[in-house]
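The primary structure of each chain is shown beneath.
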Amino acid sequence: MIQLYIPLNFLGVIYREIKQSLTDLDKMFRLMDQQREVADAAGAAPLGGLDSPTVRFEDVHFAYETGDGNGNGSGLEPGRPVLQGIGFEIPAGKTVAVVGPSGAGKSTLARLLFRFYDIRQGRITIAGQDIRSVTQSSLRQAIGIVPQDSVLFNDTVAYNIAYGRPGATQEQVEAAARSARIHDFIAAAPKGYGTLVGERGLKLSGGEKQRVAIARTLLKNPPILIFDEATSALDSANERAIQAQLQSIAQHKTTLVIAHRLSTVVDAHQILVMDSGRIIERGTHAQLLALQGRYASMWALQQSAGAA
Ligand code: ATP
């Protein structure tokens, strides 16, 4: 009985592990699929001028290619326009925030800056270099993304943080975790930084996952940041704490914030208001309020919802 029990139980563990890693593999392959759509240009050079880079979108038009909808990659052709004539600049070390309704094209800006897709019209430059002319590895090394929903690997907490900088020492990993205010939580787990994350290990809340992602980004220390703000999931105390952390790591970095709450963009160098793939208003918070247009009504709406 015992002999039978142990192998079955063992198989159960293996099965769960395989299932979980397939989920991760699936995610990885989907990401890689997206990356396969772009290729390094012949003679592509590493991205340079990264001390304090300016990011520019110049008359960018974009449509996702549509196929059979199953991702089989057959018969792809441009679908409906998702971005139309987008132009803006994030001056070196400044923060530009993008707001607008769901589907306006905000996250697409981030995907294009990371070059998951190539644009057919217009230009995106970093420190004056067209991102299509530089190596993808150097581009991605220069950009840190804190996404809405962070992907964590089925591995130790230490691995998940060090993923931002392969070869990082334990001290560097811990320092990043302290700055992201997740160190105490990790240290309290039975195996500390050696604790496994995921189905069979440490289960992390949305906020904790995001802190791990912040620690990863702090360790990577890239000159350009993209924050894709969480739409929900976090309670407001957590939300405020994470917001404060993001703001502090964004200091002196060239940062694009995709915002879902206007309260988090008030201090941005510039706010872009998007709708249906276009920028319909732009300016500082004060300028946009004075304009009494779309932003001002979104602000009034959120203020009254917050007060309710
Ligand atoms: P949200 O606030 O809901 O995240 P968003 O402003 O970030 O929205 P995007 O994700 O940029 O919007 O999407 C812009 C448009 O592009 C949407 O109409 C969306 O349906 C479409 N879209 C997004 N990703 C793809 C894709 N991979 N293939 C085809 N269409 C897509």
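Structure shown above.
Residues numbered from 1 in each chain as written. Predicted model: local features only at pLDDT ≥ 70, side-chain atom pairs only at ≥ 80, totals over all residues. Heavy atoms only, no water.

Asks: Can you help me understand the packing of aromatic side chains in this one?
Replies: Remark: the centre distance and the inter-plane angle together describe each pair of aromatic rings, the angle taken between the planes. For the coordinates displayed, the defined rule picks out eight aromatic pairs. The interplanar angle of 15° and the centroid separation of 4.7 Å between the aromatic rings of Phe57 and Phe88 together place this pair among those described as stacked. Of this pair, Phe57 sits in strand β1 (residues 55-62) while Phe88 is found in strand β4 (residues 83-90), placing the two residues 31 residues apart along the sequence. Considering the side-chain rings of Tyr159 and Tyr163, the 6.3 Å spacing of their centres and the 45° angle between planes classify their relative orientation as tilted. The partly exposed category is assigned to Tyr159, whose relative accessible area is 38%. Residue Tyr163 is classed as partly exposed on the basis of its relative accessible area, which comes to 40%. By the ring-pair criterion, three or more aromatic residues cluster together here, those being Phe62, Tyr64 and Tyr117. (Phe/Tyr/Trp six-rings, centres within 6.5 Å; stacked < 30°, edge-to-face > 60°. Helix = DSSP H or I, 4+ residues; strand = E, 2+ residues; numbered from the N terminus. Buried < 20%, exposed > 50% of the residue type's maximum accessible area, 1.4 Å probe, protein only.)

Asks: Please clarify how the pattern of salt bridges should be interpreted in this entry.
Replies: Opposite charge on two side chains allows them to pair when their charged atoms are near. Under the definition given, this model contains eight salt bridges. Glu58 serves as the salt-bridge partner of Arg56, at 3.1 Å between the closest nitrogen and oxygen. With relative accessibility at 34%, the residue Arg56 sits in the partly exposed group. Residue Glu58 is classed as partly exposed on the basis of its relative accessible area of 23%. A salt bridge links Arg123 to Glu58; its shortest N-O distance comes to 3.1 Å. Residue Arg123 is located in strand β6 (residues 121-126), and its partner Glu58 is located in strand β1; the two are separated by 65 residues in the primary sequence. Three or more residues joined by partner-sharing salt bridges are found here, namely Arg56, Glu58, Glu89 and Arg123. (Salt bridge = Lys/Arg side-chain N within 4 Å of Asp/Glu carboxyl O.)

Asks: Would you mind going over the pairing of β1 with me for this structure?
Replies: Of the pairings in the sheet, the one linking β1 to β4 comprises five bridges and is antiparallel in character. Its bridge partner lying in β4, Phe62 is registered against Leu83. As defined by bridge partners, β1 adjoins β6 across five bridges and the pair is classed as antiparallel. Bridged to Arg56 within β6 is Thr125. (Pairing = 2+ DSSP bridges.)

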